[in-house]
Amino acid sequence: MVSRVIPVDTFDLTIFGGTGDLARRKILPGLYRRYLAGQMPDASRIVGAARSDMDDAAYRDEVREALKEFVEPHLVDPEALEGFLGCVHYVAIDATGESGWRKLRDLMRADCVRAFYFSVAPSLFGALAERLHEHGIADPQSRIVVEKPFGRDLASARSLNRTLAEHFDEAQIYRIDHYLGKETVQNLMALRFGNVLFEPLWNSQYVDHIQITVAETVGVGGRGGYYDKSGAMRDMVQNHLMQLLCLIAMEPPSQFEPDAVRDEKLKVIRALDPVRPEDIVRGQYERRGDTPSYLEDVEDGDSRTESFIAMKIHVSNWRWAGTPFYVRTGKRLRARQSEIAVVFKDAPHSIFGAEAGRHRNVLTIRLQPNEGMTLVTTIKEPGLGGMRLIDVPLDMTFAEALGAENEVTDAYERLIMDVIRGNQTLFMRGDEVEAAWAWTDPMIERWSTRDDRPFRYEPGSSGPEESSMLLHRETRRWREIRE
């Protein structure tokens, strides 16, 4: 089975922060893979823009080294690599000054899509937007891509949205969340709205609860300075986990169209109940052997910022009334694992007797690693000796089910191509971002005011023991984080 490659229009993509880590690890490798797939027209150009003083040749050398490091070795074909590098240019530019802007303007062409990727600190967004218009570089069809964080609270998010709106229409602004570009996340929508099997069961009548887990084995490392000002709530819950919750809980949109999808996600956010203090558990990882503690990583022995958070959330609408959503995310946990688990209720009456035990259907959507889906079903254990029930997974790992020629595309590849096509379905709208902060802010303010100290947990565990009580007090259990 070979996937159909949909071509895009010729484009000029300018990457502000073109020498930065994100450009090297994700943006440039993603563009190279699309070039190999025949999805990047030969006349398209990639313009790296940064403060470093270098010419096209020097920047191409940097790009070449980045691709050799971050692209699978079997894809680094010398002839293709040189062809891709022929599309790459560089402009030394001062984001807050005047140098370099005329050269960038002279590079732009009138007969192609112009896109500008803001892979820089949010404090520079306003200056970049202003200068793109001041120098006549952006036109009414231009698009800008904005990386998170989209503010650090409701006030700053509103300020950022106002700044961008002074120079660009909402239809030109692409707020990127790479989780929405993952193959499995989009398959979640296909699963729900493309199959008659699941949608009738997708409600509080049949679903006992839902768990969303994003676990990481790494600590905050070199991001300590940034992370300690954000924490797990701002860094993960307010954006990534919120988006996953919305896709699980949203009503079917009238059509698969950007604003129709985003309208339904916004309704979910606005239906979220305030979370009670007893339904939130925050944690910090401790030292273990040579592994430093969170406090050592951020070089602040009295930091109250959480590296782990678990919450019980309720969506107050007819579909989900009474069905809790449990979300958790953290650093230095047992394994790298991102999944959504839809746990269905027990059968209303078991004809097999108490000895058969409790058996539940569980639909698991794996985002990483090994993207795919698993549906646990109950069958009879083979053999003699009566009716013994066991749970067996129906497993679909995408790489196995679809074949090697259908390798799972990196999220950034898909999202960048959607920018070029002008498709905003997988990008967040301004009012959606503000609604998420309006729900998040009171919780952050509450524990900041009370000066709450996070619970400690051991690296390599599933988080603080206190997080288990969120489920244990209602006779539920977290799904295991497996190595």
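No experiment lies behind these values; they were computed from the predicted model shown.

### Digging into the overall build of the protein chain
Next up, step 1: A count of helices and strands for the protein chain gives 15 helices and 15 strands.
Next up, step 2: In terms of overall dimensions, the protein chain is globule-like: its C-alpha atoms have a radius of gyration of 24 Å, near the 23 Å expected for 483 residues.
Next up, step 3: Across the 483 residues of the protein chain, 54% fall into the buried class.
Next up, step 4: For the protein chain, the proportion of contacts with a sequence separation of at least 24, taken over those separated by at least 6, is 76%.
Next up, step 5: Split by element, the accessible area of the protein chain, about 21600 Å² in all, is 51% carbon and sulfur.
Next up, step 6: Where the 62 positive side-chain charges of the protein chain centre and where its 76 negative ones centre are 3 Å apart.

### Some remarks on empty space enclosed by the protein
Next up, step 1: Applying the stated criterion across every chain yields a total of 2 cavities of 30 Å³ or more.
Next up, step 2: Here the largest cavity is characterised by a volume of approximately 40 Å³.
Next up, step 3: Lining the largest cavity, in full, are V146, F150, A157, L160, N161, L164, R175 and V433.
Next up, step 4: The leading source of residues in the lining of the largest cavity is helix α6 (residues 154-165), at 4 residues.
Next up, step 5: Taken together, the residues that form the lining of the largest cavity break down as 6 nonpolar, 1 polar and 1 charged.
Next up, step 6: Computed from the structure, the second largest cavity encloses a volume of approximately 30 Å³.
Next up, step 7: Forming the walls of the second largest cavity are V237, L241, M242, L245, I313, V327 and W439.
Next up, step 8: With 4 residues, the top contributor of residues to the lining of the second largest cavity is helix α9 (residues 231-249).
Next up, step 9: Here the lining of the second largest cavity is built from residues that sort into 7 nonpolar, no polar and no charged.

### Some remarks on the layout of surface pockets
Next up, step 1: Roughly 1100 Å³ of volume is contained in the second largest pocket.
Next up, step 2: In terms of lining, the second largest pocket is formed by 40 residues, of which the most central are W478, R479, E480, I481 and R482.
Next up, step 3: Put simply, the parts of the chain that give the lining of the second largest pocket at least two residues each are β7 (207-215), β11 (337-344), β12 (362-368), β13 (372-380) and β15 (455-457).
Next up, step 4: Here the lining of the second largest pocket is built from residues that sort into 8 nonpolar, 16 polar and 16 charged.

### Quick word on the packing of aromatic side chains
Next up, step 1: Applying the stated rule across the entire model yields 15 aromatic pairs.
Next up, step 2: With a centroid separation of 5.8 Å and an interplanar angle of 75°, the aromatic rings of F16 and F118 are classed as edge-to-face. With F16 in strand β1 (residues 11-16) and F118 in strand β4 (residues 113-118), this residue pair connects regions lying 102 residues apart in the sequence. Accessibility classification places F16 together with F118 in one group, the buried group.
Next up, step 3: Both rings, one in Y59 and one in Y90, keep their centres 5.0 Å apart while their planes meet at 40°; by these two values the pair is tilted. Within this pair, whereas Y59 is found in helix α2 (residues 56-70), its partner Y90 is found in strand β3 (residues 88-92), the two being separated by 31 residues in sequence.
Next up, step 4: By the ring-pair criterion, three or more aromatic residues cluster together here, those being F16, W101, F116, F118 and F125.

Cut-offs and rules
- Residues numbered from 1 in each chain as written.
- Predicted model: local features only at pLDDT ≥ 70, side-chain atom pairs only at ≥ 80, totals over all residues.
- Heavy atoms only, no water.
- Helix = DSSP H or I, 4+ residues; strand = E, 2+ residues; numbered from the N terminus.
- Rg over C-alpha atoms; globule rule 2.2 N^0.38 Å.
- Buried < 20%, exposed > 50% of the residue type's maximum accessible area, 1.4 Å probe, protein only.
- Contact = heavy atoms within 4.5 Å.
- Areas by Shrake-Rupley, 256 points an atom, 1.4 Å probe, with all protein chains shown as cover.
- Lys, Arg positive; Asp, Glu negative; His and termini not counted.
- Charge placed at Lys NZ, Arg CZ, Asp CG, Glu CD.
- 1 Å grid on protein atoms, 1.4 Å probe; cavity = no way out; pocket = protein on both sides within 12 Å on 5 of 7 lines; lining within 4 Å.
- Points joined across faces, edges and corners; volume = space filled by probe spheres on them.
- Nonpolar A, V, L, I, M, F, W, Y, C, P; charged D, E, K, R; others polar.
- Phe/Tyr/Trp six-rings, centres within 6.5 Å; stacked < 30°, edge-to-face > 60°.

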